[in-house]
Amino acid sequence: MGGGFYISKFVGVVGIVFGAGAVATVIALAVVYSQEVAKNEAVSPTNGGSTIKPPVTTPGGSTVKPQITTPVIPTTAPSNEPWDKYRLPDTLKPDHYNLTLWPRLTVNAQDLYIFTGKSYVVFQCVKETDLILIHSNKLNYTKWGDDHLAKLSALGSTPAPTIKKSWLQPTTQFLVLELNGKLAVGESYQLDTVFVGELADDLGGFYRSVYTEEGEEKVVATTQMQPTDARKAFPCFDEPAMKAIFHITLLHPPMTVALSNGMEHGQVWRTSFDKTKKMSTYLLAFIVSDYDYINSTNDNVLIRIYARKKAIADGQGEYALSKTGPILKFFEKYYNATYPLPKSDQIALPDFNAGAMENWGLITYRETALLYDPKMSSNSNKERIATIIAHELAHMWFGNLVTLRWWNDLWLNEGFASYVEYLGANEAEPDWNIKDLIVLGDVHRVFAVDALASSHPLSSREEDIQKPEQISELFDAISYSKVRSSVFSAVNSTGTSLPTGQTVHSIMNRWVLQMGFPVVTINTTTGLINQQHFLLDPSTAGSVPPSDFKYEWIVPIRWMKTGVVQQQTWLEDKTAHKPDMIVTGNNWILANLNVSGYYRVNYDNTNWERLLGVLSSHHESIPVINRAQLVDDAFNLARAKYINTTLALRTTKYLRSEREYMPWESALDNLDFFYLMFDRSEIYGIMQTYLKYQIEPLFKHFGNITGNWTEMLKYLYILYPIRIHPNLRTTVYCSAIAAGGAAEWEFGWDQFKAATIAIEADKLRSALACTKQPWLLNKYLEYTLDANKIRKQDATSTIVYIASNVVGQSLAWDFMRDRWNYIFTQYGGGSFSFSNLINGVTKRFSTEFELKQLKQFQADNSEVGFGSGTLAVSQSIERTTANIKWVAENKDSVQTWFTTEVPKE
């Protein structure tokens, strides 16, 4: 198919397994890099030969009014025609594009923002064909003299066949050209087009972002191509394997800045860019803005941070600039390959659907993911910025230089970057111990999804991932966090001999090609251990799709006996006998040391009691990561009925003596499920009392080390005139809004609208959902679908914030059901946010009535669809069913336990 290098799935997995030394990956990348350099240097820009270019509008010149093309409406009958399939045929291979675009930053006579463009693509015929399919979506074309939508020319000696018929196929998003003859194998051709599109505010393709600075409304023309929206900007072979070189030119108003993947060579209104490396369409970016920047040079690489002028003037780009160089240098060493571009631009956008996007040489971010203000940003904001920058820079090699052929293996691209982001951030901030947070941030997160019968394997069959919404659905916790967890496991096992007769291939296939993970149960009385597919609701086992591996894994087990680390062993079959794991007396076994494997661990009841004893008497004997793991495993094993819920609750009793962050966070994450299930019942009050009792020593501990908080207060008053530390603002804002009424809410709303720092605005936006007044929450819900009040990028997360409020949960659910058709239409089936929206609004569901409503919602909108949230609907139904059973079986025992454990006054 397309040119360029693609790493095979097996080679990629090998590279991941030996990620600590990055042996296979380094070798592959080093070879690839030299190959890519050679290929890219061999291709030079063309001037199109003698091809006559169609007229295009230029600033100050006459405007050619495009003839609006009328798409051919596809028939409803099934078709086996190539244009009714979603994948490109393997007949053509693009070599390079020449693209000129002119975004209009003011509305036209029809009150629309538009862009006009002209492009040509030079491609080679690799299989004889009389059909050209090229992706196009929401573009209107100027017809040529022969009344067709494009012009075809031959670049060799063989004349090009004439075009027989041309039309747009909207369902599969193709521009279709039927020819009167065959294209010759090995010959190169040029396809020219002139087109116009809307510079909409839909956050996809070539779109507009609007912000206000010093009272003036300003427009940014920007892009988000991944996964399938380059076709909204210009006609292209929009699949990752179809790599090509791009020559970009942007026309733009004077006093604006134009950026793209290559280094710019600007004039007053026309900026051209160096040709790109050979790359995929989804990595393209072009932006026109009124931005300013700061810059530095690191080992001959120009690093620039672009943002709104005020943000740059206020120093909000300084942190990102200071960390980009060290992270790039770390990855050069890690990959054993130099950064392949002369520049690294990073830009903060007011409107951006994802957190960030790894466009090669021009990385785009939400403002909250790039800009840092020490007076307004919390420690968690800073941590997020460092890890996201590291994630995107990691892609400059793994994903951009080396690209996977099709989206079904997205997990390898995103999962590897998701792992090494921790390594890059650790290099930038070595004092944070950020690598430990993989367990909380990813292992526990993905366990929750992968324990459902409606989960999916890491790698899907290529034929199962065809439509844009199916591709977008892959951008989930499985693709990002499961790989990150598996790599973390593999790195911790590096240096260990593989089981006899096993290979990396045979081991990894079981983790990649089947969904889920095992629970390993160890009987310390008999030494018997076994594995079973872990399902949060065991009754759903019958609905799990079949697996060639019968849901068995080859499991690496690192373990300790009574505080002494033992030699790693493997569980290769469903059951095994491990005599070394037999213990008596006060001895105890702890498996999955430092969460080095992607599985949960259960024990016989006697060993559980020993571990609880160790936690209560000398918890430091157990590594801090495993203290967090014991809590998380216990609560989830209880939900799956492996152990009693009261045993899980007992793992929290020792926390009165715990001072480390990870075990506390693990406990609070799991108790949050109890809050969701019981915050509408009488149990809520006694849970609050118990937690207050447990946290009191921790509060006093930090009081002691801060001089009874006086040092903290002194710090607040001296450095922060507004006297609220950034780390406390989210909590303080929420508490104030919750305790207040309409006046306090309106004050918060005014502060939100006046905020000039995105991170501060985000804190206020979240806090506004904390009100206890239903009518205010209903008003806020209405605001979410008004882009003048809540940015489109923030609409779904704001609805989820409201749903997280016990008062707002039913309001948000009714709102989402009532407005689903509008929401889906406005954001499109490919939006990444639908999954989070559906899961977020339904996470509290635990009654038969709510389950009935959820199923009705699924049925009522079957024709409208759920886009990237399709799987989330099924998962929500499964989760609600499990919640109903859990509450019925555990409510009484939970209430009794908390009542017993709350100290009597």
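Residues numbered from 1 in each chain as written. Predicted model: local features only at pLDDT ≥ 70, side-chain atom pairs only at ≥ 80, totals over all residues. Heavy atoms only, no water.

**Some details on the sheet that holds strand β3 (residues 129–135)**
Stage number 1. Ordered in space as β3-β7-β6, the 3 strands form an open sheet in which the pairing is antiparallel. Looking along the sheet, the strands with just one partner apiece sit at the ends: β3 and β6 (163–169). Sheet twist, expressed as the average angle between the axes of neighbouring strands with direction ignored, equals 20°.
Stage number 2. The sheet contact formed by β6 and strand β7 (residues 174–183) spans 6 bridges and is antiparallel. (Pairing = 2+ DSSP bridges. Helix = DSSP H or I, 4+ residues; strand = E, 2+ residues; numbered from the N terminus. Axes fitted to C-alpha atoms, helices over the stretch in contact; angles between N-to-C directions.)

**Section: the pattern of salt bridges**
Stage number 1. Counted under the stated rule, the structure contains 40 salt bridges.
Stage number 2. Here Asp202 and Lys232 are joined by a salt bridge, their closest N and O atoms 2.4 Å apart. Of this pair, Asp202 sits in the loop between β8 (188–198) and β9 (205–213) while Lys232 sits in the loop between β10 (216–224) and β11 (245–251), placing them 30 residues apart in sequence.
Stage number 3. A relative accessible area of 25% means that Asp202 is categorised as partly exposed. (Salt bridge = Lys/Arg side-chain N within 4 Å of Asp/Glu carboxyl O. Buried < 20%, exposed > 50% of the residue type's maximum accessible area, 1.4 Å probe, protein only.)

**Here's the deal with the side chain of Ser260**
Stage number 1. You can see Ser260 is positioned in strand β12 (residues 257–260).
Stage number 2. The class of Ser260 is buried, set by a relative accessible area of 1%.
Stage number 3. A polar contact is formed between the side chain of Ser260 and the backbone oxygen of Ala285, at a distance of 2.8 Å.
Stage number 4. Look past the residues within four positions of Ser260 in its chain and what remains in contact with it is Ile248, Phe273, Ala285, Phe286, Lys343 and Leu362. (Polar contact = N/O pair within 3.5 Å; in protein donor to acceptor, adjacent residues only side chain to side chain. Contact = heavy atoms within 4.5 Å.)

**A word on the state of the cysteines**
Stage number 1. Summed over the entire model, instances satisfying the criterion amount to 1 disulfide.
Stage number 2. Residue Cys734 pairs covalently with Cys770 via a disulfide, S to S 2.1 Å. Judged by the torsion about the S-S bond (-105°), the Cys734/Cys770 disulfide is left-handed. Of this pair, Cys734 sits in helix α17 (residues 726–739) while Cys770 sits in the loop between α19 (758–767) and α20 (774–784), placing them 36 residues apart in sequence. (Disulfide = S-S within 2.5 Å.)

**Overview of unusual backbone geometry**
Note: most peptide bonds trans; most residues except glycine with negative phi.
Stage number 1. Residue Pro227 is reached from Gln226 by a cis peptide bond, and omega for that bond is -5°.
Stage number 2. Looking at where Pro227 falls in the secondary structure, it is placed in the loop between β10 and β11.
Stage number 3. The phi dihedral of Gln173 is positive, around 65°, even though this residue is not glycine.
Stage number 4. In this model, Asn433 sits at a positive phi of 55°, which is unusual for a non-glycine residue.
Stage number 5. Mapped onto the secondary structure, Asn433 falls in the loop between α6 (410–428) and α7 (438–450).

Scope: geometric values only; no functional claims are made or implied.
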